[in-house]
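One-letter residues, chain by chain:
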Amino acid sequence: MEPRLPARLEVQALLRQVQAAGGFATVLAKGEVDAGTILVVTCENGSNSNLYERMPGLDGQRLWHCVKRSDPENPLEFQDYIDRRRRQDGDLWIVELDIANGERFIGLA
């Protein structure tokens, strides 16, 4: 198992990278500073949101997976999902990256 960066450092790095690239990034919810789970919302101009979470694979690596996509037919469903996850896990970090191809900042593009 690979050592992990403290969650707060990983979140700070994401924020700075997106801002340096001309995008907007913000923390929607702060979690446990060292070992909190991080959810990343990617969007462009506030629309077409996708929610990513890192999950362990069979080989022990923790890879990012899209766990929820916004649905234009039901726009409240996406936020309801995020709110539910936050209530279930008080240690959860939620970070929004509003920039074209935001997935590149978590190594997916």
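Residues numbered from 1 in each chain as written. Predicted model: local features only at pLDDT ≥ 70, side-chain atom pairs only at ≥ 80, totals over all residues. Heavy atoms only, no water.

**Looking at the sheet that holds strand β5 (residues 93–98)**
Strand order in this open sheet of 5 strands is β1-β5-β2-β3-β4, and the pairing throughout is mixed. Where the open sheet ends on each side, the last strands, each with one partner, are β1 (24–29) and β4 (62–69). Direction aside, neighbouring strands of the sheet carry axes that sit 25 degrees apart on average. Note that β1 and β5 share 5 bridges and pair antiparallel. Its bridge partner being in β5, A25 is matched across the sheet by L97. The sheet contacts of helix α2 (residues 75–88) involve β1, β2 (38–44), β3 (47–56), β4 and β5, and relative to β3 the element is tilted by about 30 degrees. (Pairing = 2+ DSSP bridges. Helix = DSSP H or I, 4+ residues; strand = E, 2+ residues; numbered from the N terminus. Axes fitted to C-alpha atoms, helices over the stretch in contact; angles between N-to-C directions. Contact = heavy atoms within 4.5 Å.)

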